[in-house]
Amino acid sequence: MSTKNEKVDCPICSLNDTTLINTRDRGGDCEIECPICGKYWITRSSKKIPDNFKEKSKLSAWIREKNLFYDIIPEFDSRNIKSIIENLPYYSTSQKQIILLRALRQKSKYPGDKVQLNEEQDFPLAWADNANEFRFYLQSISMRGFVELDSTLDHFTANISHAGWEYLDKYGELPAFQNQVFIAMSFSKALEEAWEKGIKPAVEKAGYKPYRIDKIPHIERIDAKIITEIKNSKFLIADVTEQKNGVYYEAGFAQGLKRPVIWSVRNDEIDEVHFDTKTFNHIVWETPKELSQELYYRICATIGESRTQK
Ligand SMILES: [Zn+2]
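Rules used throughout
Residues numbered from 1 in each chain as written. Predicted model: local features only at pLDDT ≥ 70, side-chain atom pairs only at ≥ 80, totals over all residues. Heavy atoms only, no water. Salt bridge = Lys/Arg side-chain N within 4 Å of Asp/Glu carboxyl O. Buried < 20%, exposed > 50% of the residue type's maximum accessible area, 1.4 Å probe, protein only. Helix = DSSP H or I, 4+ residues; strand = E, 2+ residues; numbered from the N terminus. Contact = heavy atoms within 4.5 Å. Donors = N, O, S within 2.8 Å, 3.2 Å for Na, K, Ca; no water. Tetrahedral: all angles 85-135°; square planar, octahedral: opposite > 155°, others 65-115°. Expected span 1.5 Å × (residues − 1). Bend = angle between axes of the 7 residues up to and from the residue. Core = buried A, V, L, I, M, F, W, Y, C linked by side-chain atoms within 4.5 Å. Phe/Tyr/Trp six-rings, centres within 6.5 Å; stacked < 30°, edge-to-face > 60°. Pairing = 2+ DSSP bridges. Right-handed = clockwise from strand over helix to strand, strands pointing away.

Trainee: How should the pattern of salt bridges be read in this particular structure?
Mentor: Close approach of charged atoms lets side chains of opposite charge pair. This structure, assessed with the given rule, holds 13 salt bridges. Where Asp 29 meets Arg 24, a salt bridge forms, and the shortest distance between an N and an O atom there is 3.0 Å. Accessibility expressed as a relative area gives 11% for Asp 29, which makes it buried. A salt bridge links Glu 133 to Lys 96, with the nearest nitrogen and oxygen atoms 3.1 Å apart.

Put into structure tokens, the structure is as follows:
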């Protein structure tokens, strides 16, 4: 690894006041620190983000979240960038207010701390597209009495009020922030090992709780239960081996709720994958061990490890 301190254009948001801090692999990998996107590694081969990718601000928000909440510096390469982009979450206007409040909590060193903000650089903290949208969320949570704002000439500060801390205690953990992962797969005996030695250990290693409907005793109607548990999950893993309709249904439902879906299939069935979902990037596996390794890698790359259970 060699330390640099060069000014470059950010490969993600194009900001020109960005620093190349480190390189490794003979300059093939670059560590970037951008005032908007935060810190990340990117390989030169993947440095060009697709031009038609309209949601660059979401990618900035995704990196800032990994930096701020998990102390993770994400690493982009030509292999993972496509699935990360495909799986970026969608948040509603009201969710973004809670997200901003959570970010302020994370940045507060103690209750009452005045967190300094620069709207031109910190808008990704609210998963906003730009400074205007960010200001809207900040004013909204201020009007709701959750933060007190203070401004000087060149920056402003926000500190979470007592009501804000109370609100965070009650509602700070949205389903999308929770730790459960819904597993959609065939329950056949032939795939038992893929579950036991493949999916389950990979999900647990990443710090999440795998939820498979047939493994949990319940008395409710199965569809209602499935829908509730998908809503309660942060993301869904769909292994489409054996081509069960239920697996496609559950994955489609999760996508409708804007929950990320990680797709996988055993290599002898790759040609059977349903036409509509074929374009998604599937983990193609041969052995449960291989599935476990690839899945763990994909979870870390696209969702990030969970720190709640670690
Ligand atoms: Zn940037």
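Once the structure has been displayed, the description carries forward.
Trainee: Just checking my understanding: could you explain the side chain of Gln 97 for this structure?
Mentor: Among the secondary structure elements, Gln 97 is positioned in helix H3 (residues 93–107). A residue is classified by how much of its surface remains accessible, and Gln 97, at 9% relative accessible area, is buried. If near-sequence neighbours (up to four positions away) are discounted, Gln 97 is found in contact with Tyr 137, Ser 140, Ile 141 and Arg 144.

Trainee: Can you help me understand the coordination of the zinc ion in this one?
Mentor: A four-donor tetrahedral metal ideally has 109.5 degree angles, and a six-donor octahedral metal ideally has angles of 90 or 180 degrees. In the first shell of the zinc ion, the protein supplies Cys 10 (SG), Cys 13 (SG), Cys 34 (SG) and Cys 37 (SG), at 2.3 Å from the metal. Taken together, the 4 donor atoms coordinating the zinc ion and their angles of 102 to 114 degrees define a geometry best described as tetrahedral. Sequence spacing among the residues donating to the zinc ion works out to C-x2-C-x20-C-x2-C. Of the two residues, Cys 13 sits in the loop between strand S1 (2–8) and strand S2 (18–24) while Cys 34 sits in strand S3 (residues 29–34), which places them 21 residues apart along the sequence.

Trainee: Before we go on, may I ask you to explain helix H7 (residues 192–205) in this structure?
Mentor: Within an α-helix, residues lying three or four positions from one another point in the same direction, as the helix has 3.6 residues per turn. For H7, which comprises 14 residues, the first-to-last C-alpha distance of 19 Å matches the rise-based estimate of 20 Å (1.5 Å per residue) to within 8%. In H7, a bend of some 30 degrees at Ile 199 exceeds every other bend along the element, and Pro 201, a proline, comes one to four places later. Of the positions making up H7, those classed as buried are Ala 194, Trp 195, Gly 198, Ile 199, Ala 202 and Val 203. On its buried side, H7 packs onto strand S9 (180–184), strand S10 (209–211), strand S11 (233–239), strand S13 (282–285) and helix H10 (288–302). Where H7 terminates, the next one or two residues include Gly 207, which has phi positive at roughly 95 degrees.

Trainee: In this structure, what is going on with the nonpolar core? I would like to understand it.
Mentor: Soluble globular proteins tend to bury their nonpolar side chains together. Ranked by internal contacts, the top residues of the largest apolar core, which has 44 residues, are Tyr 40, Phe 76, Leu 104, Leu 117 and Phe 134. In terms of residue count, H3 provides more of this core than any other element does, 6 residues in total. Aside from chain neighbours lying at most four places away, what touches Tyr 40 is Cys 10, Pro 11, Ile 12, Cys 30, Glu 31, Ile 32, Ile 63, Ile 73, Pro 74 and Phe 76. Core analysis: the next-biggest nonpolar cluster, separate from the first, contains 21 residues, Val 181, Leu 191, Tyr 208 and Ile 262 among them.

Trainee: What's the story with the side chain of Arg 64 in this structure? I'm lost.
Mentor: Here Arg 64 shows up in helix H1 (residues 56–70). Assessed through its relative accessible area of 10%, Arg 64 is described here as buried. When sequence neighbours within four positions are dropped, the list of residues in contact with Arg 64 reads Pro 35, Ile 36, Cys 37, Gly 38, Gln 121, Asp 122, Pro 124 and Leu 125.

Trainee: What is the right way to look at the packing of aromatic side chains in this model?
Mentor: When we look at a pair of aromatic rings, we describe it by the centre distance and by the angle of the planes. Tallied over the full model, the rule gives 9 aromatic pairs. Measuring from centroid to centroid gives 5.8 Å for Tyr 40 and Phe 76, while their planes differ by 70 degrees, and the two rings are edge-to-face. With Tyr 40 in strand S4 (residues 38–43) and Phe 76 in strand S5 (residues 75–76), this residue pair connects regions lying 36 residues apart in the sequence. In this pair, the class of Tyr 40 matches that of Phe 76, namely buried. When the ring of Phe 136 is compared with that of Tyr 137, the centres are 5.5 Å apart and the planes differ by 65 degrees; the resulting orientation is edge-to-face. Phe 136 sits in the partly exposed class, given a relative accessible area of 44%.

Trainee: What should I look at first to understand the pairing of S4 in this one?
Mentor: On any regular strand, side chains alternate: one points to one face of the sheet, the next to the other face. Within S4, 5 of the 6 residues are buried, which leaves it mostly tucked inside the rest of the structure. Two elements, S3 and S4, share 6 bridges in a ladder whose sense is antiparallel. Within the sheet, the bridge partner assigned to Glu 31 lies in S4 and is Trp 41. What sits between S3 and S4 in their antiparallel hairpin is a turn of 3 residues. The pairing of S4 with S5 spans 2 bridges and is classified as parallel. Residue Ile 42 lies in a different strand from S5, and its bridge partner there is Phe 76.

Trainee: Teacher, can you tell me more about the pairing of strand S12 (residues 261–266) here?
Mentor: In terms of burial, S12 is largely enclosed, as 6 of its 6 residues are buried. Burial of the side chains of S12 extends over both faces: Val 261, Trp 263 and Val 265 are buried on one face and Ile 262, Ser 264 and Arg 266 on the other. Judged from the 4 bridges that link them, S11 and S12 form a sheet pairing that is parallel. When the bridges of S12 are listed, Ala 238 appears paired with Trp 263. A crossover connection joins S11 to the parallel S12 through helix H9 (residues 245–256); in handedness this β-α-β unit is right-handed. As paired strands, S12 and S13 are joined by 4 bridges and run parallel to one another. Its bridge partner lying in S13, Val 265 is registered against Val 284.

These figures come from the coordinates and say nothing about function on their own.
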